[in-house]
Amino acid sequence: MTVQFVTNDKVAETSSKGNQEKWRDGGRWYKLDQFGYEGLAETMISRLLEHSRIETDTPFRFVRYRMERMNVHGRDRNGCSSEDFLRPGESIITLSHLFKREGLLLKDVLTRLSSDKKRIAWLAGETAALTGLEQFPQYLTLLFEVDALFLNDDRHLNNIAVLEKGGRFDYCPIFDNGAGLLSNVQMAPMDIDPAALIRSAKARPFNTTFNRQAIYARNLYGPQLHIPKFTAGELRYELEEPLSYYAQRDRGFMSERVCQTILTRQKEHNKE
């Protein structure tokens, strides 16, 4: 079924990759594929996180996504949607904005620190102090582990956030993983060997390797992401429905890229 939007609640969501069109309609947020197969990446990652112990062992949550076909600007487009997780009166406050309210340019502060480990410790500790969220260091570690497992290279400082209502803070559900799984086919063309793309990928917000960022955080605050090791067959099964939204000619390539990315990265996750 193709979603026909009936509201004009469109926003352009800014990321380091550009602006992604996004709509709120009927209590859901809808996002268009922008550079490749972001909707598939969001949907696949949230499906695999269902197998984790995030919501049983920690106070943290993650957003569930599903694939959508949307009629936008007069033509059908692929994308994904999720429930609006904000409660009445709640707002998302990015870390960049949070620290700007304190008179600090977060990027400049972090650049002055001499190592990634010090940057992680400062960001985790200062955010916990500002918000009263004592487990924010563990939350940040979890984000970095999820990014490392699924190769999400767009976790910039406007993509890490907390929730605020009436001056009180809460943990933001983990969301916006659409840059993972080599979904940006402009930056990661389909004709390049996925192994080479995986090796060259850099993690944000510190522009370092995914392994280093996750290991530093784990060494400081302990491992947070407990998730089973997936087989190629299990991954292909989870991919069947999301892949059906894309052209038949592309499905084989997309399946191979996604499976190879996860199978490669989970070896590193289990070693860390």
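Only a predicted model underlies this, so the values are computations on that prediction, with no experimental measurement involved.

Draft legend 1. Broad picture of the overall build of the protein chain. Broken down by element type, the protein chain carries ten helices and nine strands. Against the 2.2 N^0.38 benchmark of 19 Å for 272 residues, the protein chain shows a C-alpha radius of gyration of 18 Å, consistent with a compact globule. Taken over the C-alpha atoms alone, the protein chain extends approximately 50 × 45 × 35 Å along its principal axes. Split into buried and exposed, the 272 residues of the protein chain put 51% on the buried side. Restricting to contacts in the protein chain with at least 6 residues of sequence separation, those with at least 24 account for 70%. As displayed, the protein chain has an accessible area near 12900 Å², and 47% of this comes from carbon and sulfur atoms. Distance between charge centroids for the protein chain: 4 Å, based on 38 positive and 37 negative side chains.

Draft legend 2. Expanded view of unusual backbone geometry. Backbone torsion omega between Arg204 and Pro205 reads 10 degrees, so that peptide bond is classified as cis. Relative to the assigned elements, Pro205 resides in the loop between helix 7 (194-200) and helix 8 (210-221). Even without being a glycine, Asp176 presents a positive backbone phi close to 60 degrees. Structurally, Asp176 can be placed in the loop between strand 9 (168-171) and helix 7. Take Asp176: its relative accessible area is 11%, and that puts it in the buried class. With a phi angle near 60 degrees, Leu182 is a residue other than glycine that sits in the positive phi range. Secondary-structure assignment places Leu182 in the loop between strand 9 and helix 7.

Draft legend 3. Fine view of the packing of aromatic side chains. Within the structure shown, the criterion is met by seven aromatic pairs. Judged by centre distance (5.4 Å) and plane angle (35 degrees), the rings of Phe99 and Trp122 are tilted. Of this pair, Phe99 sits in helix 3 (residues 95-100) while Trp122 sits in helix 5 (residues 116-131); the two residues are 23 residues apart in sequence, bridging distant segments of the chain. Over the ring of Trp29 we find Lys22; its NZ or CZ atom is 5.0 Å from the centre of that ring. Positioned over the ring face of Phe62 is Arg64, at 4.1 Å from the centre of the ring.

Draft legend 4. Geometry of the environment of Ala217. By the element assignment, Ala217 lies in helix 8. Residue Ala217 is classed as buried on the basis of its relative accessible area, which comes to 1%. C-alpha of Ala217 to C-alpha of Asn207: the two residues are ten residues apart in sequence and 15 Å apart in space. Ignoring anything within four residues of it in the chain, the contact list for Ala217 reads Ile120, Thr141, Phe144 and Gly222.

Draft legend 5. Geometry of the pairing of strand 9. Across the two faces of strand 9 the burial differs, with Phe169 and Tyr171 buried and Arg168 and Asp170 not buried at all. The sheet contact formed by strand 8 (residues 161-165) and strand 9 spans four bridges and is antiparallel. Looking at the pairing, Lys165 lines up with Arg168 of strand 9. The loop that links strand 8 with its antiparallel partner strand 9 comprises two residues; one of these, Gly166, has a positive phi angle of about 60 degrees.

What counts, and at which threshold
Residues numbered from 1 in each chain as written. Predicted model: local features only at pLDDT ≥ 70, side-chain atom pairs only at ≥ 80, totals over all residues. Heavy atoms only, no water. Helix = DSSP H or I, 4+ residues; strand = E, 2+ residues; numbered from the N terminus. Rg over C-alpha atoms; globule rule 2.2 N^0.38 Å. Buried < 20%, exposed > 50% of the residue type's maximum accessible area, 1.4 Å probe, protein only. Contact = heavy atoms within 4.5 Å. Areas by Shrake-Rupley, 256 points an atom, 1.4 Å probe, with all protein chains shown as cover. Lys, Arg positive; Asp, Glu negative; His and termini not counted. Charge placed at Lys NZ, Arg CZ, Asp CG, Glu CD. Phe/Tyr/Trp six-rings, centres within 6.5 Å; stacked < 30°, edge-to-face > 60°. Lys NZ or Arg CZ within 6 Å of the ring centre and 35° of its normal. Pairing = 2+ DSSP bridges.

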